[in-house]
Protein chains: 4
Amino acid sequence: MELIPAPEWQVSQWFNTSKELTLAALRGRIVVLYAFQMLCPGCVTHGIPQAQRLANVFKDDPVSVIGIHTVFEHHQVTGPEALRVFLHEYRVQFPVGIDGRGLRGDPMPRTMRAYAMRGTPTTVLIDAQGNLRQQVFGVQDELKLGAEIGKLIAQVTTASEEVPNPSRGGRPRGSGKGAVLAI
Amino acid sequence: MELIPAPEWQVSQWFNTSKELTLAALRGRIVVLYAFQMLCPGCVTHGIPQAQRLANVFKDDPVSVIGIHTVFEHHQVTGPEALRVFLHEYRVQFPVGIDGRGLRGDPMPRTMRAYAMRGTPTTVLIDAQGNLRQQVFGVQDELKLGAEIGKLIAQVTTASEEVPNPSRGGRPRGSGKGAVLAI
Amino acid sequence: MELIPAPEWQVSQWFNTSKELTLAALRGRIVVLYAFQMLCPGCVTHGIPQAQRLANVFKDDPVSVIGIHTVFEHHQVTGPEALRVFLHEYRVQFPVGIDGRGLRGDPMPRTMRAYAMRGTPTTVLIDAQGNLRQQVFGVQDELKLGAEIGKLIAQVTTASEEVPNPSRGGRPRGSGKGAVLAI
Amino acid sequence: MELIPAPEWQVSQWFNTSKELTLAALRGRIVVLYAFQMLCPGCVTHGIPQAQRLANVFKDDPVSVIGIHTVFEHHQVTGPEALRVFLHEYRVQFPVGIDGRGLRGDPMPRTMRAYAMRGTPTTVLIDAQGNLRQQVFGVQDELKLGAEIGKLIAQVTTASEEVPNPSRGGRPRGSGKGAVLAI
């Protein structure tokens, strides 16, 4: 399977983080990019709570949950100040960026366009090497979503264990042992 | 982390399978052993539906969901015939074994005793090498449960890719590539 | 609208009550007759919890919630002892009667036959005069069910307030005032 | 019990209705006044869906569900245009009014102040005579809410049957018969 690098996001303003975040700087971590709109019922009722659960469940794992406010309709009532109130009222704790305004009059914002998202909510899984692994429009089954993230976590852990270490001779290691360490 | 081999189960009768199942024969597959009692409300309302969802979500993965009816109370009304009706009415599709009667008057059945389970429902994760990886009493968060299974799936896939192949020289393979293949 | 008297139930054994209950003796109270089978998934997952909520919500009103175990299949594993365990495990607090065995080999028990129930769960509303007011097969919307019970409660209260009292002259009383008293 | 007339609401703008609504003009109907804010999580997740279910369940009854947007915080991002989008996105079908701005700098809007509401969501039941019957802050149990509405419906129906009719002599009518007719 040929993997495609996930496009860098284009954010005009961040919330819930003291510094600007880039996908590049999160290399080595799994990224769950969660696209939403604050007045999208599916996002508010199912998506945002799921994203917050993700952030809580994987808080001790190399997993970053990043929200992105991909406004493609009703711009005038979902601006930065409205979003700030929304994040406060819904107790959203993970970092959220406002997707950059579309170029040349494009109504779709830049990150949404770059990922060719079909709507909101959309959940994107990006592996520790920055590759796009899954992109789902709509609400996802939690067992399935958990499993996909678990697979990516296993790779990170296995990877860090399996980096050839010349001083130790670079000897091939059985997968059984790798499997053990991965947990 | 030292891993402990999961004990073999001791089953007196099987449902939903044409042959007797042993843990040993499932080596190479992840096993989710799901202990329940047919008149345990937590099992019926939350556990059985979760186990059935597990079986559906992971039906194309090397994952086997096995139910085990670990009766430790009310034996007289939860015998094989009652269980048969229960499985039929609740449309349980995965294999279910009746846990063997406790030895020397032990009210706790044999598999439940061997795993030192604290009650029902209990969910046990066993990796493809037959090691006990997780044992949880009560209802589990689906994201977390999915992630643990995902990690074990990743190991199986990685393992099958990483089996040293003498004809190809058994050269160590980078984890990055292993990670790709694991998905 | 012509009202039909609800048939008396035919119960062979009671649980959760120290005395035999008859519909006739409950005249003056609204009766919610709740027919179920202990191995019917819809009954266990939705119906029994709803019946228990009914009993709790209306505990200070002239409302009696009565369960009836209308076994029409799997008799051999859902006998009195199995039911006793079920009621204990599910913490059912309201009175439950076992529906009397069908006459002349009828597989359907007697109360179920008398009410011509189509299956389980079935919820029957009987007013304070003993009339059948509603019979629903399947799970009911709680707002709608609550409203039907509320209407019957209003009648009971209004009725007790509006009994003509000769010593006070038996003057017609405006419904407005009756309405007030009904609350 | 002494009943208190419900205060008239003070609305600056209406949605989902072609004409201005007043409580006075709804005399003869039960009114469920549903106070919410569009960025209040409890309102959005539980309250609005419950109000919409109410409107659907009681659409053939003399019951009017009226929403009122009682903004007491974050005014700048929850104005009329934002509310219009919210109602569209959440498919709210019942009439909704914007509560009038508080007098003399009062941050609490006028209807909210008149009813002394403690927050949002608040559900108010008003009977067909315009009396305040129940006011609940927070999410309500559906059986209980349904029952309260059912009681008020019974009164309306009974009332319409019991209006003294001089041509028939205005004879007192037994409550039993009234009760029957009320259903």
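Residues numbered from 1 in each chain as written. Chains lettered and ligands numbered in written order. Predicted model: local features only at pLDDT ≥ 70, side-chain atom pairs only at ≥ 80, totals over all residues. Heavy atoms only, no water.

Engineer: Just to check I follow, could you spell out unusual backbone geometry for this structure?
Structural biologist: Leave glycine aside and you will find that most residues have negative phi; peptide bonds, for their part, are mostly trans. Residues and elements named next belong to chain A. The linkage connecting Thr 120 with the following residue, Pro 121, adopts the cis geometry, with an omega of 0°. Relative to the elements of secondary structure, Pro 121 occurs in the loop between helix H3 (110-114) and strand E6 (122-126). At Asn 16, a residue that is not glycine, the phi angle is positive and equals roughly 60°. If you trace the backbone, Asn 16 turns up in the loop between strand E2 (11-15) and strand E3 (30-36). Assessed through its relative accessible area of 38%, Asn 16 is described here as partly exposed. (Helix = DSSP H or I, 4+ residues; strand = E, 2+ residues; numbered from the N terminus. Buried < 20%, exposed > 50% of the residue type's maximum accessible area, 1.4 Å probe, protein only.)

Engineer: So what exactly am I meant to see when it comes to the sheet that holds strand E6 (residues 122-126) of chain B here?
Structural biologist: All names here are of chain B. Strand order in the open sheet formed by seven strands is E1-E7-E6-E3-E4-E5-E2, with mixed pairing between adjacent strands. Only two strands of the sheet have a single partner each, and these edge strands are strand E1 (4-5) and strand E2 (11-15). Sheet topology note: the strand E3 (residues 30-36)/E6 ladder contains five bridges and is antiparallel. Its bridge partner being in E6, Ala 35 is matched across the sheet by Thr 122. Packing against the sheet, helix H1 (residues 41-57) makes contact with E3 and strand E4 (63-69), and its axis sits at approximately 160° to E3. Sheet contacts for helix H2 (residues 80-89): E2, E3, E4 and strand E5 (96-99); angle to E2, the most-contacted strand, approximately 30°. (Pairing = 2+ DSSP bridges. Contact = heavy atoms within 4.5 Å. Axes fitted to C-alpha atoms, helices over the stretch in contact; angles between N-to-C directions.)

Engineer: Looking at this structure, how should I read the environment of Asp 61 of chain B?
Structural biologist: Along the polypeptide, Asp 61 of chain B turns up in the loop between H1 and E4. Setting aside residues up to four positions removed in sequence, Asp 61 of chain B forms contacts with Lys 151 of chain A together with Arg 29 and Ile 153 of chain B.

Engineer: Quick question: what am I supposed to make of the sheet that holds strand E4 (residues 63-69) of chain C here?
Structural biologist: Strand pairs in the sheet, formed through backbone hydrogen bonds, run parallel or antiparallel to each other. All names here are of chain C. Taken together, the seven strands give an open sheet; going across it, the order is E1-E7-E6-E3-E4-E5-E2, and neighbouring strands pair in mixed fashion. The open sheet has two free edges, formed respectively by strand E1 (4-5) and strand E2 (11-15), since each of these has just one partner strand. Contacts between helix H1 (residues 41-57) and the sheet are confined to strand E3 (30-36) and E4, with E3 contributing the most and set at about 160° to the helix. Across the sheet, helix H2 (residues 80-89) lies against E2, E3, E4 and strand E5 (96-99), angled at about 30° from E2, the strand it touches most.

In short, shape yes, function no, at least from these values alone.
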